[in-house]
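# Structural description and commentary
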Amino acid sequence: MAIETQPEKAEHSGGGGPGGPPAARPWWMRPAIHTAILGAVLGYFLGHWLGNFVASGYQQVVEGDENNFAIVFGYLAATAGFLAGLGVFNDLLRQMVGLPPRDHDDGGGSGLARYFRFTLDHKVVGIQYLVGMIIYFCTAGLFAMAIRTELLSPSYHLFNAGAYIEIVGEHGTMMMMLMSSLVLGPFGNYLVPIMIGSKRVAFPRMEALSFWLTPCAFLILLSGLLFGGFPFGWTGYAPLSIQATQGADSYAVAFGLMGISIILAGFNMVCTIICYRAPGMRWSRLPIFVWSMLTTALLMVLAAPVLVGGMYMMLTDRTVQTAFFVPDLGGSSYLYENLFWFFGHPEVYILALPGFGIVSEIIPVFTRKPLFGYKVSAAGMFGVAILSFFVWQHHLFDSGMDPDMRPLFMITTELISIPTGFIYLVALGTFWKARFRFSVPMLFALGMYFNFLIGGISGVMLSDVPADTTAHGSFFVMAHFHYTIMGGLVFAFMAGLYYWLPKMTGIRLNLRLGKIQFWTMFVFFNSTFLPMFAIGEAGQPRRVFEYAANLQTLNDWSSISSFLLGGSILLFVINFIWSTVFARVREEGNPWRSRGLEWQIPSPPPPDNFEHIPVVLSDPYRYGFKDAGPVADLYPPAGVISGALTGSGA
Amino acid sequence: MSLTARIITVAAAFLALTAGVVFVLAHYLLAEPPTVVFGAGQAPGQPVSMTIMTDPVNDVSSHPDWVSYFVKSPQTGQWVHSTIWQLPPHTRVNVTAYQFDTCDPLRNQLMGEVTGTVGNVMAVSGEADGLNGPGISVVNSDTTCGVAHTFNVPELGINVPFEGILYTAKNQCTLAPCAMSFTHVTTTFSFITPGPGDYRWQCFIPCGLASVDGNGHAMSTIGFMTGYLDVA
Amino acid sequence: MAETAGVAAQPSGAGPNHGLRILLLWLPAALAADLVIWFVWGPHLPPGDMSSSAASQQFDLRVLAVLAAPVFLAVLICAGYSMITWRVRGDDDGEDGPPIEGNAKVQVSWIAISSALILGLAAFGTYQLIAPAGAGAGEGPQPIWQPDGKPVVVQVIAQQWLFTYRYPQYGGVETTQLELPVGEPVQFNVTSLDVIHSFWAYQLGVKADANPQVNNVAYTTPEHAGTVTVRCAELCGLWHGAMYDYGKVVSVAAFQAWAHRTETSMAKITKTLPPYALIYTPNEIKGLANFYYQAGLPGAGGGYYGNQYYPDEP
């Protein structure tokens, strides 16, 4: 259902509802990150005290010399305090006592200050997510550098075994939990409303909350290092995770909070796409990127609750001595494995689908051709999303699961490669007789296709149960998922960033540095992860700090390449900071000559996105058609809306 | 923001970040218990003596309730809280272990067998809840609560179960490092170190209180119930 | 457009037949790759052929690689050809490409070919799982694919952080050394005493997760003598990376001699072991329960849930 009527006046920037008393207070009195940090600190001490008050007499606490209650309560109260300090609950509390909510007309303030506030403008939230995600990615990348440094030698150990396993866990968890929103956070939140012709998102408060939960999750996860980290990697298998010391609470709380963030972000995205499309924006005209955001968001909403439930059960096992996952008193380690992977497999498609969306959105622009097989592409994304719920036991082939189930999950896992392969059908069709322009976004998109091809084919090999017997739990799996997630999602993120940053900020990244970044990143990425297929098949398991001496050459090749890859990412960070903070080269028009609706408005977009709700006339891929009109009418006269529903275009 | 302000902000952020990374590395990730060196400055082939003790508490770390090993430094004669011991290669090491802790049953009774030592035996004296004498090769913790800790080096096949003191013993140590006046059991054994390398050692009596299967806490933390033999 | 009008005889209309060119580039490349993979690389593919499961996995890998290479090359050659042939040379004149939105024949063929490949692979994989009696993977407590003949039974006990092996057919003796006879089927009963581990015998092509209080059965038949690297393949805590040992596959006679010798020399400690069972619950050492209660001791489990036999705290 698209919006049927023209609103009488322009809506508030980013949404927010009717106004109350205007906010005319000085910046330090308005809730922002400084009040949030204050709230977090107060909350942590309160929660920790409460935990000690409640549980310090428990036998488990006294004997174990650690109070998991105090830690968990401390973290949760710190998060609540952080959000309260940000002003998340202010409007709710005002309405509860009968006052109207504050006027959010100014979009959270002006200048830089609004990026440190809880704001209802989806564009501000998008930029917040962008900076946050880059910070999280680079932090987790530093841990990866530490891992590769340790693996330079099979016998000389820079880090002792305990520190090494902490580092592995931090790297994996930080990447897997935070990168779920790598694309939906910045690009989805910023661009989807504009792409569908809306002035706002459906639930701006949910969207902003989903962002502010990410620094909480990130910092809570990092703080696990202060407690000795957690020794079970990102998968958190019980009963090891129940046995582990205090750092495991950081893992469970952080992952649980991030799960909530994912649910909120997905919920908002689904409702926005379904309910806020402009008149004329039929499903058949929806940009393919929006399709990918819709399917990703549906996966988020359906899979993440299982994660939150699993983390909650882990916490109760660790604190109040429930026995869900401890076999000694009737629990089952298999329960955790299945709960986790029931979330875990859709999670990796949450990571993969946005990458598909970005590259499919970009290649028509740089080949000047319509997207080949648009319907197949969208159907493929839905196929992947639906099938992703039926494949999770392929992570458990050797676990002692019911052997009759294994051919079933082998078939479903192999079947999912068919809709995944549609992106290649679409790409090759779009490349056919195209007019290639190899700008930086196109280079990254092409790199994504190459990397994901290797990742995807190795995935089909892993789905074969006999072949999986050797490959499971080895570096072969590591190479597979780094190729699909880093080679796929991260390369697509770079493509999207170079492509859309001019739209979002009016500033472009330095394209020469971008080309250097692409080539170094592509070469060193492949050089780092290609040997890992061999290393895994030669017998090196994951997460180990000692390996067979004859594998040292391959490991060294991989490690040195990873350092150079880190250098390439550093180059990106330098480019990003230089371009946005110092050089600030303006790029206000439509530099890529794209037909997308988001490119038809100024860069950066005005606070309301559109002066009037546009009437969409066609899909954004009308390249090459002699009689193609504009993608939308940005200044529709009143009364033309009903005509638009039967308007031109496919 | 003016150009100067921007430069200062970026530079400050970069410095803060680097300081943070260096701090985390130095304080948390690279921090290790000290290495105690044995046989330094000694002619190769000469036997080395090592004196260790296991205490029910440690009083010297952030986890004072955790069971711990202490080793007598050959340089200072003081007890050092460390489980990383550097030994010369291809050398006979004569170990004297003072055991101040009460017993727990073995999770896997195979670890009651003395292996990997010279003669595959150990000598036990003191108020042990179990066998006493010079040539002990098997301790059965199934019928008696006989063992407190095991010194096990999996890569070298060394396993020595340290017998525990009687649970009813008077004068039990609660202040570590424990003085000899407290009730203890003395175990002596010898083993030959192999070529250079890092050989991990651990205990197989899961006594990590209030952790699932007892293998958490001190059992999984280097510096307490597990460590390295750094043969160099 | 780039095509010249003079080559009108080609089936696709104006211009050279790009499809044919791509086919002519791909066919020899795919054929060459497949021949190299099958004949040159194939016999050396991991995990080798020291056992029946390893050999069957090596064969699987060969078939998968032979099917993957042409697919990989097809996509690369098609994309690469497009990029080279239709790149914009010189100045970008801003013109668009032809408005091709879809091609029903191409789309249907793609879906049909990929579906056929996938379904074929699924059938092949299923057969390869059943025929070699489970292909070395852990089948759980009730395995449905078993080898013929009476297997040598080895119980693999995983604990933090060591593998031990128990031979019920030799008095239930437990060793830290894995030794197996060549040519006879082996049944691995894999279990854990504490957390999840995974028994990965690389050269034997066996991987079975060790879950606490679960018996996970895997089968294989060693076919050549040699050394077997056993590593833990599931993160199990601090020393997961150091949890490995080296087993041996020896002749039947040597194995029998070793087994009897070990049984005799370890008789004393075997008497103290609990009776052989498919799973163990070390937290419930029955003989000592009363003793623990009297002494206020936690039991071989850290007392996480107190003492099972006497629920009231001492």
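Note that the structure is a prediction, hence the values are computed from the model and not measured. (Residues numbered from 1 in each chain as written. Chains lettered and ligands numbered in written order. Predicted model: local features only at pLDDT ≥ 70, side-chain atom pairs only at ≥ 80, totals over all residues. Heavy atoms only, no water.)

### Concerning the interface of chain B and chain A
- Taken together, the contacts link 28 residues of chain B with 31 residues of chain A.
- Together chain B and chain A conceal approximately 2400 Å² of surface at their shared face, both sides included; 63% is due to carbon and sulfur atoms.
- When the buried surface of chain B facing chain A is broken down by residue, Y28, L29 and V212 of chain B rank first, second and third, together holding 25% of it.
- Between chain B and chain A we count zero salt bridges in total. (Contact = heavy atoms within 4.5 Å. Buried area = accessible area lost by both parts, 1.4 Å probe. Salt bridge = Lys/Arg side-chain N within 4 Å of Asp/Glu carboxyl O.)

### Focus on the pattern of salt bridges
- According to the stated counting rule, one finds 10 salt bridges over all chains in the structure shown.
- Across the pair D91 of chain A and R205 of chain A runs a salt bridge whose closest N-O atoms are separated by 2.7 Å. Pair noted here: D91 of chain A is in helix α4 (residues 90-96) and R205 of chain A is in helix α8 (residues 204-223), with a separation of 114 residues, a long-range link.
- Under the relative-accessibility criterion, R205 of chain A is labelled partly exposed at 31%.
- Linking E101 of chain C and R622 of chain A is a salt bridge whose minimum nitrogen-to-oxygen distance equals 2.3 Å. With E101 of chain C in the loop between α2 (52-85) and α3 (104-130) and R622 of chain A in the loop between β1 (615-616) and β2 (632-633), the pair connects residues from two separate chains.
- The network of salt bridges with shared partners includes D619 and R622 of chain A together with E101 of chain C. (Helix = DSSP H or I, 4+ residues; strand = E, 2+ residues; numbered from the N terminus. Buried < 20%, exposed > 50% of the residue type's maximum accessible area, 1.4 Å probe, protein only.)

### Let's talk about the interface of chain A and chain C
- Every contact between the two is made by 100 residues of chain A and, on the other side, 95 residues of chain C.
- Interface of chain A and chain C: buried area, both sides summed, is about 8000 Å²; carbon and sulfur atoms make up 65% of it.
- Of all residues in chain A, W432, K433 and R435 of chain A bury the most surface against chain C, accounting for 9% of the area lost on that side.
- The interface formed by chain A and chain C holds two salt bridges in total.
- With its nearest N and O atoms 3.1 Å apart, the salt bridge here joins D96 of chain C to R368 of chain A.
- Here chain A and chain C share 22 residue pairs in polar contact (both at pLDDT 80 or more) between them.
- Sorting elements by how many residues they give to the side of chain A that touches chain C places helix α15 (residues 417-431) of chain A first, with eight residues. (Polar contact = N/O pair within 3.5 Å; in protein donor to acceptor, adjacent residues only side chain to side chain.)

### As for a nonpolar patch on the surface
- On the surface, L46, W49, L50, F53, V54 and Y58 of chain A cluster together into a nonpolar patch covering about 640 Å² of accessible area.
- Its place among the elements puts V54 of chain A in helix α1 (residues 33-55). (Patch = residues over 30% accessible without salt bridge, like charges linked within 9 Å, V, L, I, M, F, W, Y side chains within 5 Å. Areas by Shrake-Rupley, 256 points an atom, 1.4 Å probe, with all protein chains shown as cover.)

### Let's talk about the sheet that holds strand β1 (residues 152-159) of chain C
All names here are of chain C.
- The five strands lie next to each other as β3-β2-β1-β5-β8, forming an open sheet whose pairing is mixed. Two strands in the sheet have a free side with no partner beyond their single neighbour: β3 (173-175) and β8 (216-220). Pairwise comparison of adjacent strand axes, ignoring direction, gives a mean angle of 25° for this sheet.
- Here five bridges tie β1 to strand β2 (residues 162-167), and the two strands are oriented antiparallel to one another. From the neighbouring strand, I157 faces β2, where its bridge partner is T164. (Pairing = 2+ DSSP bridges. Axes fitted to C-alpha atoms, helices over the stretch in contact; angles between N-to-C directions.)

### So, the state of the cysteines
- In total, this model carries one disulfide over all chains according to the counting rule given.
- What pairs with C173 of chain B in a disulfide is C178 of chain B, and their sulfur atoms sit 1.9 Å apart. The disulfide joining C173 of chain B to C178 of chain B has a torsion of about -85° about its S-S bond and is therefore left-handed. Grouping residues by exposure puts C173 of chain B and C178 of chain B together as buried.
- Cysteine C232 of chain C is unpaired, with the sulfur of C236 of chain C as its nearest cysteine sulfur at 3.7 Å.
- What makes C232 of chain C buried here is its relative accessible area of 0%. (Disulfide = S-S within 2.5 Å.)

### Some details on the pairing of strand β11 (residues 185-192) of chain B
Residue and element names in this part refer to chain B.
- With six of its eight residues buried, β11 lies for the most part within the structure.
- Here eight bridges tie strand β6 (residues 92-99) to β11, and the two strands are oriented antiparallel to one another. By the bridge assignment, A97 is partnered in β11 with T187.
- The pairing of strand β7 (residues 122-126) with β11 spans four bridges and is classified as antiparallel. In the sheet register, G126 faces β11, and the bridge partner there is V185.

### A few points about the domain arrangement of chain B
- Domain parsing of chain B yields domain 1 (1-31) and domain 2 (34-231).
- Between the C-alpha centres of domain 1 of chain B and domain 2 of chain B the distance comes to 44 Å. (Domains from an automatic or database assignment.)

### Points about the sheet that holds strand β10 (residues 244-250) of chain C
Residue and element names in this part refer to chain C.
- Taken together, the five strands give an open sheet; going across it, the order is β4-β10-β9-β6-β7, and neighbouring strands pair in mixed fashion. Only two strands of the sheet have a single neighbouring strand rather than two, namely β4 (179-181) and β7 (206-210). Looking at each pair of strands side by side, their axes are set apart by 20° on average, direction ignored.
- In this structure, strand β6 (residues 197-201) lies alongside β7, joined through five bridges in antiparallel fashion. Looking at β7, one finds that H197 is bridged to A210.
- Packing against the sheet, helix α4 (residues 252-265) makes contact with β4 and β10, and its axis sits at approximately 140° to β4.

### Remarks on the packing of aromatic side chains
- Tallying each qualifying case throughout the model produces 86 aromatic pairs over all chains.
- For the ring pair F444 of chain A and F518 of chain A, a centre distance of 5.2 Å and an interplane angle of 80° mean the geometry is edge-to-face. A residue pair is termed long-range when its members are at least 10 positions apart, and F444 of chain A in helix α16 (residues 440-463) and F518 of chain A in helix α19 (residues 511-537) qualify at 74 residues.
- In this structure F444 of chain A comes out as buried when scored by relative accessible area, which is 0%.
- Seen in terms of ring centroids, Y170 of chain C and F255 of chain C are 5.8 Å apart; in terms of plane orientation they differ by 85°. Their pairing is edge-to-face. Taken together, the positions of Y170 of chain C in the loop between β2 and β3 and F255 of chain C in helix α4 put the pair 85 residues apart, joining distant regions of the chain. For the pair formed by Y170 of chain C and F255 of chain C, the shared burial category is buried.
- Over the aromatic face of W283 of chain A sits the side chain of R277 of chain A, whose NZ or CZ is 3.9 Å from the ring centroid.
- The residue whose ring lies beneath K207 of chain C is W200 of chain C, and the NZ or CZ to ring-centre distance is 3.9 Å. (Phe/Tyr/Trp six-rings, centres within 6.5 Å; stacked < 30°, edge-to-face > 60°. Lys NZ or Arg CZ within 6 Å of the ring centre and 35° of its normal.)

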